[in-house]
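# Coordinates in review
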Amino acid sequence: MKEVAGDRKWQKGLEWGFLILAYLFLLYKVCTYDDYAQFFSQLSEFSLTHWCFALLALLLMPINLLCEATKWKHLLSPLIQRPLISAYYDVFKGLIAAFATPNRLGEFPGRALWMPPSMQIPAITLGFIGSILQILVIFTLGLPAIYYLFHNITYITQPASYFICGVLLIFIILAAGLYFSQRLKSQLKQLLRTISQLAAKHFFIVLIATIVRYAIFSFQLYLMLLCCHIYLSPLQALLAIPAYYFLITFTPSISAAEPAIRGSWAMVAFAPFSSNTPGIAMAAILLWIINGVIPLMIGSVLKRPPTQ
């Protein structure tokens, strides 16, 4: 009994640690941001229509996270039958841990805190499988967009070529490492065994939820671009948005430092189609607030559902 109480105290302490660290990073970013004049200048130019675009992007945020909760629920199926409302709670709590860790690495440990210790490592592994699927979707759609976009724009062709070659080189090195390293081969086999525990039905649902989530956050970005006076044709959007998500996904970062990274990559991806660089940067930052900061605040006050 004492051991259970000790585990709960440790879990609660870790949750509070993640929460405090996340808010400290957020406070640091707010205090060190040095472009508020331009930010509020852009905001003052929003009409009712532009605010409606922003509101629609905001309303899509819970649907976006519902897709992630659906993925989490079905990924956990080999371990436990998790109610969707509880999986939704886990996603919000995981976002707190993700906010203050490099490349969101704390997200799945943050989600698995409620589980018995014997289930936590398998749950984290299953969570990373969902993340790998999301990365594969981003990579599959983003790499052709990166190549086509940069190949046809002369002033960024050479850096883009270096970037693409670098990514391909990394994949070749990883493939060679997997082939020659017995330890990595063993870990890969363990990962494949974990995947095999998922029933085909659950894996299919996870895959569909992954694709739908990608479509939702792509549409959210398109709405925020419209909100910030960035008007793209459908073809331009199909090129620039996948390229943008490819760039930010494969850039090492801490979530709290993402505004600068997102703003910079947004200008790389969208500047060929618009000269409104402040609007481009602002669209990326506002979307980070919608999908990052607001869920962080909700997760910090969200109560554990009674089904847990």
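Described below are features of the structure shown in this document. (Residues numbered from 1 in each chain as written. Predicted model: local features only at pLDDT ≥ 70, side-chain atom pairs only at ≥ 80, totals over all residues. Heavy atoms only, no water.)

### What to know about helix H3 (residues 48-75)
When the terminal C-alpha atoms of H3 are compared, their 41 Å separation across 28 residues agrees well with the 40 Å that a helix rising 1.5 Å per residue should span. The largest bend along H3 reaches roughly 25° and is located at Met61, with the proline Pro62 sitting one to four residues downstream. (Helix = DSSP H or I, 4+ residues; strand = E, 2+ residues; numbered from the N terminus. Expected span 1.5 Å × (residues − 1). Bend = angle between axes of the 7 residues up to and from the residue.)

### Comments concerning the nonpolar core
Of all hydrophobic cores here, the largest spans 56 residues; its most connected members are Leu221, Met224, Leu225, Tyr244, Tyr245 and Phe270. The residues contacting Phe270, other than those within four sequence positions of it, are Leu221, Leu225, Leu232, Ala240, Ile241, Tyr244 and Ile280. In terms of nonpolar packing, the next biggest core, distinct from the first, is built from six residues, Leu126, Leu133, Leu198 and Val206 among them. (Core = buried A, V, L, I, M, F, W, Y, C linked by side-chain atoms within 4.5 Å. Buried < 20%, exposed > 50% of the residue type's maximum accessible area, 1.4 Å probe, protein only. Contact = heavy atoms within 4.5 Å.)

### Things to note about helix H10 (residues 234-249)
In this model H10 runs 22 Å from its N-terminal to its C-terminal C-alpha over 16 residues, within 8% of the 22 Å that 1.5 Å per residue would give. Of all the positions in H10, only Ala237, Leu239, Ala240, Ile241, Pro242, Ala243, Tyr244, Tyr245, Phe246, Leu247 and Ile248 are classed as buried.

### Notes on a nonpolar patch on the surface
Together, Leu55, Leu56, Leu58, Leu59 and Phe219 line one region of the surface with nonpolar side chains, adding up to about 420 Å² of accessible area. Considering each element in turn, the nonpolar patch owes the most residues, four residues, to H3. Summarising the element assignment, Leu56 is placed in helix H3. (Patch = residues over 30% accessible without salt bridge, like charges linked within 9 Å, V, L, I, M, F, W, Y side chains within 5 Å. Areas by Shrake-Rupley, 256 points an atom, 1.4 Å probe, with all protein chains shown as cover. Salt bridge = Lys/Arg side-chain N within 4 Å of Asp/Glu carboxyl O.)

### So, the pattern of salt bridges
Tallied over the full model, the rule gives five salt bridges. Note that Lys71 is salt-bridged to Glu68, the shortest N-O span being 3.3 Å. Placement of the pair is Lys71 and Glu68 together in helix H3, with a separation of three residues, close to one helical turn. Here Arg82 and Asp90 are joined by a salt bridge, their closest N and O atoms 2.9 Å apart. Of the two residues, Arg82 and Asp90, both sit in the buried class.

### So, the packing of H3 against helix H12 (residues 277-301)
Where H3 meets H12, the closest approach of the two axes is 10 Å, and the angle between their N-to-C directions is 60°. Relative to H12, H3 is oriented oblique. Seen along the crossing, H3 lies across H12 with a hand that is right-handed. On H12, the residues touching Ala54, Ala57, Leu58, Met61, Asn64 and Leu65 of H3 are Ile290, Asn291, Ile294, Pro295 and Ile298. Split into classes, the residues belonging to the contact of H3 with H12 amount to nine nonpolar, two polar and no charged. (Axes fitted to C-alpha atoms, helices over the stretch in contact; angles between N-to-C directions. Parallel < 35°, antiparallel > 145°, perpendicular 65-115°, else oblique. Left-handed = near helix turned anticlockwise from the far one by under 90°. Nonpolar A, V, L, I, M, F, W, Y, C, P; charged D, E, K, R; others polar.)

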